[in-house]
Amino acid sequence: MSAADQRDAEATAGGPSRIDVLGVGISCLTLDSAVEEVSGWVDRGEHRYVCVTGVHGVMECRRDPELLRIHNGSGLTTPDGMPMVWSARWAGRRDVSRVYGPDLMAVVLARAVERGWSSFFYGGGPGTAELLAERLAARFPGLQIAGTWTPPFRPLRPEEDAEVVRAINDSGAQLVWVGLSTPKQERWMAEHVGALDANALVGVGAAFDLLAGTVPQAPRWMQRGGLEWAYRLGREPRRLWRRYLRNNPAFVLNILAHPPRPARTIPDPAGTVGSGTTAGAPR
């Protein structure tokens, strides 16, 4: 076992089984089971991160082995888009349903109110995290908000990064919601999960804007039909056309050549089985 495979196995030991979608281990989940998994991390005092992943994330992983390792070393890599759900069913897992970032965030926050957990919001554009916190506090009475932080659109200097870590740890937050978009948020979570006291770091990307109300969500019928990309492209063609033109056709061609399959498991050194790691390199 390589060192990278060993770390992946340790990070995913005891978690849900996964399917291999072009090398990325997508967790076999429903929204309810994802919430229970995250709740267990808090209850047991664990420290893990969640990648919320669709076609864009999978295709970025094919181009970047380190990003692939980050996804396969997560506590969960959820099937954010319907193509991930269809891939799971193709691989024989009909018990998988979409775990959409905004929905996951809303249901976990409802649980947080019940359990008294606090949340920190890291990311978004200027003012977005603050507006998000305000909207969520109104939507979920009793929600504990530990703090917000909007990073600049540049790499943080070491002293700035240390300040962020101190602020989050001093806040006492159990949950850190990260809205930096893919792949920036996945890299940030993997780099910081070992330094933060929070039990769950969840990369939800556009959920900051969607739940803050600054960007409208696609109708549910479009989401269920796997057409959310078309809705978003219609609203932001200049920003998104290259992403969809590059990723969507390539995903279809690659998935036809390399059909989804159950991800192979790798025993960790303690003798338990980590079920979320795949071959570790794009196929």
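Everything below is about the structure shown above.
Residues numbered from 1 in each chain as written. Predicted model: local features only at pLDDT ≥ 70, side-chain atom pairs only at ≥ 80, totals over all residues. Heavy atoms only, no water.

Observations concerning the sheet that holds strand β9 (residues 261-262)
Spatially, three strands are ordered β2-β1-β9 in an open sheet, and the strand pairing comes out antiparallel. If you trace the sheet from one side to the other, it starts and ends with β2 (24-27) and β9, each paired once. Where strand β1 (residues 18-21) meets β9, two bridges bridge the pair, whose relative direction is antiparallel. Following the sheet pairing, Ile 19 is matched in β9 by Pro 262. Against the sheet, helix α4 (residues 65-72) engages β1 and β2, with an angle of about 25° to β2. (Pairing = 2+ DSSP bridges. Helix = DSSP H or I, 4+ residues; strand = E, 2+ residues; numbered from the N terminus. Contact = heavy atoms within 4.5 Å. Axes fitted to C-alpha atoms, helices over the stretch in contact; angles between N-to-C directions.)

Here we look at the side chain of Ser 39
Among the secondary structure elements, Ser 39 is positioned in helix α2 (residues 31-44). Beyond its immediate sequence surroundings of up to four residues, Ser 39 is in contact with Arg 111, Arg 115 and Trp 117.

Some points on α4
Leu 67, Leu 68, Ile 70, His 71 and Asn 72 are the residues of α4 that are buried. Among the residues of α4, the N-terminal cap falls to Asp 64, whose side-chain oxygen and the backbone nitrogen of Glu 66 are separated by 3.0 Å. (Buried < 20%, exposed > 50% of the residue type's maximum accessible area, 1.4 Å probe, protein only. Polar contact = N/O pair within 3.5 Å; in protein donor to acceptor, adjacent residues only side chain to side chain.)

Things to note about the packing of aromatic side chains
Taken as a whole and assessed by the stated rule, the structure comprises two aromatic pairs. Measuring from centroid to centroid gives 6.3 Å for Phe 121 and Phe 208, while their planes differ by 80°, and the two rings are edge-to-face. Taken together, the positions of Phe 121 in strand β5 (residues 118-123) and Phe 208 in helix α10 (residues 207-212) put the pair 87 residues apart, joining distant regions of the chain. Phe 208 matches Phe 121 in its accessibility class, with the two residues each being buried. On the numbers, 4.4 Å between centres and 20° between planes, the contact of Tyr 122 with Trp 188 is stacked. (Phe/Tyr/Trp six-rings, centres within 6.5 Å; stacked < 30°, edge-to-face > 60°.)

So yeah, pure geometry; function would need other evidence.
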